[in-house]
Amino acid sequence: MLRRALNRVQDNWKSYRHRFVPWVVLNLSKNEKTLRQVTDRSKDKLVPDQEVSESLLQLFSVLLMSHGADHEELRGAQSHLLRKETTKQHQCEQEAMLRSLGFCIARKPSTLPFAGTGVFVTKGVVSKGATVAMYPGTVYQAYEPILLQSIRNPFVFRCIDGVLIDGNDKGISKVVFKSCSGRDRMGPFLMSDTSWLTSSPQNPLAVGQYVNNCSNEYPANVCYQEFDVPDKFPIMLRQYLPNVNYSTDSQRPLRCVVLVSLRDITAGEELFSNYFTIVR
């Protein structure tokens, strides 16, 4: 009994460590091939912010047109019809992604041993420099409390400037995100997307928290890039942003983190990311 319990804990840790930031940081020196070095925050960008913004606007615009008035109908549907509508909506979003970006991604069991869930390219080809995914979650400034949310949470992402993004879609993290999203709503306009907390996000890019870290055996094909949402970002399209500020007092633009492809990636390949470090 004890041996089985210990084996379970060991297997859970092997999965957990691939997204646990302190473990990754402590092991970087042992695995330098997984590390991308930058001289400062402004140098971490593989592609200009304008290109990231254009990709998001392109996808979100197609999603908005394809959804149309379906959202209101979906809210009023009976439970036995909801599953069918959700499947249909998921297919619609995948088609929108393929049409606007030229590829589709989806969550599946990872090919990395003990890593749990991973993210794969399922259709099309991802070109080098493309925005492949977004890291969803609640955005915490460096001075804001996140201790309770971080306990046993492998989905806390740390930006270069100390900003944290909690991408956990369960437990207290889920409650916090939904609360902040509801707080920020402006009349009929949603300022963020809570559907990433479900198995069928309406923004198909919002699965970046499930992208596993690379290893020597599985080299990185995507990297993280910080993106601050500009004030001019259309209010009608903000409903697809999978991030929200923890505090309303933040004077900074909404921080998003996207994953950008380091090379062309074909259908069937799993996405693997690397971490950056600042070189002084």
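Note: the structure precedes this text.
A brief look at the structure comes next. (Residues numbered from 1 in each chain as written. Predicted model: local features only at pLDDT ≥ 70, side-chain atom pairs only at ≥ 80, totals over all residues. Heavy atoms only, no water.)

### Section: the packing of aromatic side chains
Let me state the cut-off plainly: Put simply, two rings from Phe, Tyr or Trp (the six-membered ring, in Trp's case) pair if the centres are within 6.5 Å, and we call them stacked under 30 degrees between planes, edge-to-face over 60, tilted for the rest. Every helix listed is a DSSP run of H or I at least four residues long, and every strand listed is a run of E at least two residues long, numbered separately from the N terminus. A simple rule labels every residue: compare its accessible area, found with a 1.4 Å probe on the protein chains alone, to the largest value its type can have, and call it buried under 20%, exposed over 50%, or partly exposed in between.
Applying the stated criterion across every chain, the model contains 9 aromatic pairs. Where F155 meets Y210, the ring centres are 5.3 Å apart and the plane angle is 65°; that geometry is what we call edge-to-face. Pair noted here: F155 is in the loop between α6 (147–150) and β6 (156–158) and Y210 is in the loop between α7 (171–184) and β8 (212–213), with a separation of 55 residues, a long-range link. With respect to burial, F155 and Y210 carry one shared label: buried.

### So, the pairing of strand β3 (residues 117–126)
To keep things clear, this is the line we draw: DSSP-based pairing: two strands are paired if at least 2 bridges between them are found.
When strand β2 (residues 103–109) meets β3, the two strands line up antiparallel, connected through 7 bridges. Bridge pairing in β3 links A106 to F120. As paired strands, β3 and strand β12 (residues 265–266) are joined by 2 bridges and run antiparallel to one another. Bridging across to β12, V125 finds its partner in T266.

### Here's the deal with the sheet that holds β2
In spatial order, the strands read β2-β3-β12; together these 3 strands make up an open sheet with antiparallel pairing. Pairing within the sheet leaves two strands with one partner each, and these edge strands are β2 and β12.

### Here's the deal with a nonpolar patch on the surface
In plain terms, the rule: A patch consists of residues exposed above 30% relative accessible area that lack any salt bridge, with like charges linked at up to 9 Å and nonpolar side chains (Val, Leu, Ile, Met, Phe, Trp, Tyr) linked at up to 5 Å. Computed by Shrake-Rupley with a 1.4 Å probe, the accessible areas treat only the displayed protein chains as cover when residues are assessed. Any carboxyl oxygen of Asp or Glu that lies within 4 Å of a side-chain nitrogen of Lys or Arg is treated as forming a salt bridge with it.
Side chains of L147, L148, I151 and I172 sit close together on the surface and give an oily, nonpolar patch of about 440 Å² of accessible area. Tracing the chain through its elements places I151 in the loop between α6 and β6. A relative accessible area of 51% places I151 in the exposed class.

### Things to note about the nonpolar core
In plain terms, the rule: By nonpolar core we mean a set of buried residues, namely Ala, Val, Leu, Ile, Met, Phe, Trp, Tyr and Cys, connected to one another through side-chain atoms within 4.5 Å. By definition, residues are in contact when any of their heavy atoms lie within 4.5 Å.
Counting 46 residues, the largest nonpolar core has F60, I105, M134, L241 and L271 as its most contacted members. The set of elements that each furnish at least two residues to this core consists of α3 (49–67), α5 (79–101), β2, β3, β4 (131–135), β9 (222–228) and β11 (255–261). Among the elements that line this core, the one with the most residues is α3, at 6 residues. Dropping the residues within four chain positions of it, I105 is found in contact with Q94, M97, V119, F120, V121, T122, V132, A133, P204, L205 and V207. With 11 residues, the next largest nonpolar core counts Y140, C180, W196 and V244 among its residues.

### Considerations on α7
The criterion, for reference: Take the residue count of a helix, subtract one, and multiply by 1.5 Å to get its expected span. To obtain the arc, one takes the directions from the helix axis to the C-beta atoms.
For α7, built from 14 residues, the straight-helix expectation of 20 Å at 1.5 Å per residue is met to within 8% by its first-to-last C-alpha distance of 21 Å. Those residues of α7 that sit buried are S173, V176, F177, C180 and S181. In an axial view of α7, the angular spread of the buried residues amounts to 130°, which keeps them on one side of the axis. Opposite the buried face of α7, by more than 90 degrees, sit the exposed residues G171 and V175. Summarising the contacts, the buried residues of α7 are in contact with β5 (137–140), α6, β7 (164–166) and β10 (243–245).

### Quick word on α3
Across its 19 residues, α3 extends 27 Å between first and last C-alpha, which sits within 8% of the 27 Å expected from 1.5 Å per residue. By the burial criterion, the buried members of α3 are V52, S53, S55, L56, L59, F60, V62, L63 and H67. Of the residues one or two after α3, G68 is the one with positive phi, at around 55°.

### Brief notes about the pairing of β9
β9 sits mainly inside the fold: 6 of its 7 residues count as buried. As defined by bridge partners, β9 adjoins β11 across 7 bridges and the pair is classed as antiparallel. Counted as the bridge partner of V222 is S261 from β11.

### Structural notes on the side chain of S192
Our working definition: N or O atoms closer than or at 3.5 Å make up a polar contact, with two conditions inside protein: a donor-capable atom paired with an acceptor-capable one, and, for residues adjacent in sequence, both atoms drawn from side chains.
Inspection of the secondary structure assignment puts S192 in the loop between α7 and β8. Here S181 takes part through its side chain, which lies 2.8 Å from a polar atom of the side chain of S192. For S192, the residues in contact, after removing those within four places along its chain, are F177, S181, R238, Q239, L241, N243 and V244.

### Structural notes on the side chain of E270
Checked against the element boundaries, E270 lands in the loop between β12 and β13 (272–278). Look at E270 and you get buried, because its relative accessible area is 5%. Side chain to side chain, E270 and S110 meet in a polar contact 2.7 Å long. Here T111 takes part through its side chain, which lies 2.6 Å from a polar atom of the side chain of E270. Contact partners of E270, with chain neighbours within four places excluded, come to S110, T111, L112, G118, V119, F120, N212 and N221.

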